[in-house]
Every structure is written in structure tokens, then in C-alpha cells.
Amino acid sequence: MAEVSCPPPPENLGAFQDAIDFIVSERESVSGGVCIGGPSELLDLAARHMVVSVVAMAIAVAIAVPIGLWLGHRGVGEFLAVTVSNVGRAVPTLALLAFFVAFVGIGFTNVVLVLTLLAIPPILTNTFVGIRQVDRETVDAARGVGLTETQIIRQVEFPLATPTIFGGIRTSAVAVVATATIAPLANVQSLGIPILEPQTYGDPGQLGAAIVIAVITLATDAGLGLAQRAATSKGLKAAEPEKRFSLPLRRREKTA
Amino acid sequence: MNALFAATELRDRSESNCVADDGFCPDWIAENLHKYMKPLLEHVFLTLTSVAIGFVIAFTLALIAHRRRWLTGPITAVTGALYTVPSVAAFFLLLPITGRGDKTAIIALTAYTLLILFRNITTGLRGVPAETVDASRGMGLTERQTLWQVELPLALPEILAGLRIALTTTVGLATLAFFAGGGGLGEQIYSANAGTGGIYFQSNVVVAGGLAILLAATFDLIVLGGQRLALPWRRAQA
């Protein structure tokens, strides 16, 4: 057995304690001979996880937002915008990734493609809906004071639709970060490695990685939630202070 | 000895070249379709059980939040957090507590349906015009009668829309249930042990993935059909 520079796995720890220990300190792998776990490996995997996610999200936003803006402004393609998101929901991510692995190939580019395809529908639909929800009278007024169509999109419709568009980006980002977990199936390293290689990482590795993934996803959601609020114009925030929970909080009038 | 082995392998390959090459083989699919029956049924079982339990919980929560409106925010926040945790992570977080098997898969999948169903039921109930509720009170209906005979029927389109989203989403997430030992079509896609050649075998990916998509579409159409039957006044409108 080769000499390793890390201690053997601790014994007699509860499942969750063992998983936390896996996260905070290095140990010898289940099969022996290699060091696994600890902050350095997990940070490296987390960084790879985020790189593939961020690249996919950037491409998806660059594609879906302009198309959604244009379709929404013109008021055409409602069927397309709605169908894309319905179909997108029905295709299991594992099946989509498996399809790419079997028919297109493995590697970074293919995983980015899969994640981009996954991210586009919510962004496209939300952008379209957000623009369509802008009061037509507001748009008419903007046209009346002499704004060009491009100015209307950029100065009127886009700011008013920002909360909805951001909602779509948030939904997509959470789905992308979650799905990057199975990227190792296509030979791309991510936090899914300890989960998909139990023969090396064992139960504590799987549970530890699951904890890290859960934390990262919740942080992504919370972070984008804050960004959503920051990007929303002050007027909108003042008008709808309870928008945070994204439920239409129309109060029913008292009857008595 | 080595030569003999190589020769045998060569013959096997020529007989089923397509399968050995992990290709798309209609013959193989026709012969092996029965292998997908059990995973398909497991998938249906996981989906329906999780959505049914999720619906009961979300419906109860929505009725409570309908009476005590301040609870809407906290319930949405909690179900939202459950919805955000990735399914694969949720399965492994539950494993030490509930062990491998259907139970773990169903708990995690149920947790996912809660936000979707709760949000749609609440939105539906909120969308009932105040005048309608007033009118029913004016006719002497009790609170309970107003809820069951006026508010819920009018909220039904939103509720059923939520059910459709929950069903299609759960069919998709259930492809990952094999991580929790819950079987399903995902096991066929992922695992070479399932006797299908796994993720590199085109025929397998097409059949198992296709079945999952078909299943989602079927559930969607069934609810849509139910909606048309349950809401004759909407059909007249459209």
C-alpha cells in the first residue's frame, strides 16, 4: 500500500458528523492510496461546478433575453414562449444529458450545451410574460411622447419587466447548479464526483458533497434574490413591497 | 488461447454489431422492450404517490393560509427552500435518516411538489372575485359552503394547472430516484447493471428517455382532459 500524507477515515462517527469531517479535513480514500475530501478538493470541485454553470447561464441569458424582449414587444410567439417552457419541463435532465453523451459526445462543451438548453426555457418565458404584462397604456404613452421602439424596450418595458425576467434567471440558475451535479457522467468534474464515485469516496463523501451542493444552491437562490431586488427600480419596489414571495397579494375588500 | 478468445469475441460482435457499438438498434429495442416495463411502473408509482401526498399536504397548507393570510409568506419560504435543494442532494441527505428505498425517494419528490401546488392553490383562491364571495354570503352560505361550493370550483383551473406542472416536474425528477434506491427509468439510463448498457448505449437512452417524456406528456393530457370535463363553463367560453 502506498504511503499517503493524510489520516485514515475516522471511526465511530455518526453519518452527518462523518460527512462534516469529510468536508473540513482530508482523509484516505475508501480503496486506499489517495487523499480525498477536505477544503482544498471540495473548493476545487466547487469552482469547476460554478464555472460550467456560469458559462451555461451566460450563454442562456444572451440568447433567451433578447428573443423574449423582441417577441414580447411585438406581441408575437406566445405559443412558442409557452410551449418551450412546457416541453422543457417534461424532458428529464438526466435523459437530456444521456442523450448528449450517447449521440453527441462528452466533455465541457457538451455539458455547457445541455445546461444552456435547460436554462433557456424559464428565462425566455419569463422575459416574454414580463414584457407582455407591461401596461399597454404605458407603452402607448411612451410612444406618444416620441420614444422610438428601441427606446420603449430599453427605457420602459425592460425596467418594468426586470423583476419577472430576474425570476426566470433565478429559476434557471438553481436548475443549472443542481444539474451540474451529474456533469461527471459526461466526464466533466463537478461536486457530483464524490456522489458518483462511491467506491472512492464512500458514504461520507456522498453525504458531504450533498451538503455542499445544497448550500451552494440555496446561496445561489438567495444571492440572485438579492440581485433581483437591487435591479428592481425604486418605483416598482414602493408599489409592491410584498413582491418578494412572488404571489399576487391582491387583498380582498372587507365586506362588513 | 488468446486467439480463440479474440475469435469468439469477433463472432459475437458481428452478430450484434450495432449493440456492441452502443448504437441505435431497432431490432434490439423490439426484443428488449419488456425490460423497461418494471422501471416504467416504478416510475409511475413514484410519481403518483409523491404528487398525491404532496397535494394533500399543499391543499391543507393552502386552506390554512387562506384563513390566516400572514402564514402565506413563511409557508412559501419553507416550501421554496425545499424546492431549491437539488433532488440528488436531497436523496443523499435523507439516506442516513430513512435508508435506501422508495420511502426516501417519495419523501424528497413530495417535498418538491409542495411549492408548486401551494402557490397555485393560493393564487387560485386569491383570484376569486370579492363580489362573488359577497354574493354567496348574501345568499346565506356559511364560510365552509362558500369555500367548497364557490371559491374552490372557481380556483380549479389554477389548481389543475399546478397539478400539471407538479406531475411533469416529478416525472423528470423521478429519473434521479435511483440514487435513493427507488428504481425508475433513471436506473435504466444510468446503470449498465440494469442490463441495458447504460448512458453510452444509444438505444437505451432513446427508449428510457423517450418513455419518461411520454409518461410526462400522458399525465399532462390526462389532467387536461379532466379539466375539460370538470369545467364545462370554461369549455363554452373557449
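Predicted model, so just to flag it, every value in this text is computed and none were measured.

The rules behind these values
Sequence order as written defines residue numbering, which begins from 1 separately in each chain. Naming scheme: in the order in which they are written, chains are lettered from A and ligands are numbered from 1. Note on the predicted model: pLDDT of at least 70 is required for a residue's local features to be given, and 80 or more for side-chain atom pairs to be given and counted; whole-chain, interface and lining totals, by contrast, use all residues. Under the scheme used here, helices are H or I runs from DSSP no shorter than 4 residues and strands are E runs no shorter than 2 residues, and both carry numbers assigned from the N terminus. Our exposure labels follow a C-beta count within 10 Å of each residue's own C-beta, placed from the backbone: buried means 20 or more other C-beta atoms, exposed means 12 or fewer, and partly exposed covers the counts in between. Contacts are defined on C-beta atoms placed from the backbone: any two residues whose C-beta positions lie within 7 Å are in contact. The classification used treats Ala, Val, Leu, Ile, Met, Phe, Trp, Tyr, Cys and Pro as nonpolar, Asp, Glu, Lys and Arg as charged, and all other residues, Gly among them, as polar. This arc is built from the directions going out from the helix axis to the C-beta atoms. The span one expects for a helix is its residue count, reduced by one, times 1.5 Å. A set of buried Ala, Val, Leu, Ile, Met, Phe, Trp, Tyr and Cys residues, joined to one another through C-beta atoms within 7 Å, is what we call a nonpolar core. The pLDDT value tells you how sure the predictor is about a given residue, anywhere from 0 up to 100. Here the axes come from fitting lines to C-alpha atoms, over the contacting stretch only for helices, and the angles between their N-to-C directions go from 0 to 180 degrees. By the definition adopted for this analysis, an angle is roughly parallel if under 35 degrees, roughly antiparallel if over 145, roughly perpendicular if from 65 to 115, and oblique otherwise. Each crossing gets its hand from how the near helix is turned against the far one by less than a right angle, where anticlockwise is left-handed and clockwise is right-handed.

Chemist: I would appreciate a short explanation of the overall build of chain B in the present structure.
Modeler: Each helix and strand counted, chain B has 12 helices and zero strands in total. Helices (α) and strands (β) of chain B occur, in sequence order from the N terminus, as α-α-α-α-α-α-α-α-α-α-α-α. Split into buried and exposed, the 238 residues of chain B put 43% on the buried side. Across chain B, the fraction of contacts at a sequence separation of at least 24, relative to all contacts at a separation of at least 6, is 72%.

Chemist: I keep staring at the overall build of chain A and nothing clicks. Help me out?
Modeler: Tallying secondary structure elements over chain A gives 10 helices and two strands in all. Order of helices (α) and strands (β) in chain A, N terminus to C terminus: α-β-β-α-α-α-α-α-α-α-α-α. Structurally, chain A occupies a C-alpha span of about 80 × 55 × 30 Å along its principal axes. Within chain A, the proportion of its 256 residues that are buried is 43%. The long-range fraction of contacts in chain A, counting pairs at least 24 apart against all pairs at least 6 apart in sequence, stands at 73%.

Chemist: Honestly, the interface of chain B and chain A in this entry has me stumped. Any pointers?
Modeler: Interface size is commonly expressed as the accessible surface area that is lost when the partners come together. Taken together, the contacts link 39 residues of chain B with 35 residues of chain A. Every element with two or more residues in the side of chain B that touches chain A is listed here: α5 (72–84), α6 (87–98), α7 (102–126), α8 (130–138), α9 (143–173), α10 (185–190) and α11 (202–230) of chain B. At seven residues, α11(B) tops the list of elements feeding residues into the side of chain B that touches chain A. Of the residues assigned to the side of chain B that touches chain A, the class counts are 21 nonpolar, 13 polar and five charged.

Chemist: Sorry, what's going on with helix α1 (residues 15–24) of chain A here?
Modeler: Helical geometry: 3.6 residues make up each α-helical turn, so side chains three or four residues apart lie on a common side. Residues and elements named next belong to chain A. Buried within α1 we find Asp18, Ala19, Phe22 and Ile23. End-on, the buried residues of α1 take up no more than an arc of 145 degrees, which puts them together on one face. Of the exposed residues in α1, those oriented more than 90 degrees away from the buried face are Gln17 and Val24. Structurally, α1 contributes buried residues whose contacts are with β1 (26–28), β2 (35–37), α2 (38–74) and α9 (198–231).

Chemist: Any chance you could explain the environment of Phe118(B) here in plain terms?
Modeler: Residues and elements named next belong to chain B. Within the secondary structure, Phe118 sits in helix α7. Linking Phe118 and Thr72, residues 46 residues apart in sequence, is a C-alpha distance of 9.3 Å. Not counting chain neighbours up to four residues away, the residues in contact with Phe118 comprise Ala58, Leu61, Ala62, Ile75 and Thr79.

Chemist: What's the story with unusual backbone geometry in this structure? I'm lost.
Modeler: Comment: phi is negative for the bulk of residues other than glycine, and the bulk of peptide bonds are trans. Of note in the backbone geometry, Asn187(A) takes a positive phi value of approximately 70 degrees without being a glycine. You can call Asn187(A) partly exposed: it has 13 C-beta atoms within 10 Å.

Chemist: Sorry, what's going on with helix α3 (residues 78–90) of chain A here?
Modeler: An ideal rise of 1.5 Å per residue puts 18 Å on 13 residues; α3(A) measures up with 19 Å between its terminal C-alpha atoms. Buried within α3(A) are the following residues: Ala81(A), Ser85(A), Gly88(A), Arg89(A) and Ala90(A).

Chemist: I tried to follow the nonpolar core on my own but got confused; where do I start?
Modeler: Within soluble globular proteins, side chains that are nonpolar generally end up buried alongside one another. Within the largest apolar cluster, 126 residues are counted, with the highest numbers of intra-cluster contacts made by Leu97(A), Leu115(A), Ala119(A), Val176(A) and Phe92(B). Ranked by residue count, the leading element in this core is α7(B), at 13 residues. Apart from the residues lying within four places of it in its own chain, the contact partners of Phe92(B) are Ile195(A), Gln206(A), Leu207(A), Ala210(A) and Phe179(B).

Chemist: Mind showing me how you'd approach the confidence of the model for chain A here?
Modeler: Caution is warranted with low-pLDDT regions, since their predicted coordinates should not be read in detail. All names here are of chain A. For chain A, per-residue confidence averages 86 on the pLDDT scale, and 92% of positions sit at 70 or higher. Confidence scores differ between elements of chain A, with helix α10 (residues 234–239) showing the lowest mean pLDDT of 74 and α2 the highest of 94. This stretch, residues 241–256, has a pLDDT under 50; its non-local contacts, to residues over four places away or in other chains, come to 18 contacts.

Chemist: Any chance you could explain the packing of helix α4 (residues 37–67) of chain B against α9(B) here in plain terms?
Modeler: Pairs of packed helices are described in terms of their axes, by the angle between the two and the distance that separates them. All names here are of chain B. The contact between α4 and α9 brings their axes to 9 Å, and the two run at 140 degrees. It follows from the interaxial angle that α4 and α9 lie oblique. Between α4 and α9 lies a crossing whose hand is right-handed. Contacts from Thr47, Ser50, Val51, Gly54 and Phe55 of α4 reach α9 at Leu163, Ala166, Leu167, Thr170 and Val171. Here the residues of the contact of α4 with α9 sort into six nonpolar, four polar and no charged.

Chemist: For this particular structure, what's the right way to read the confidence of the model for chain B?
Modeler: On average, residues of chain B carry a pLDDT of 86, and 88% of them reach 70 or more. Scored as a complex, the prediction yields pTM 0.85 and ipTM 0.82.

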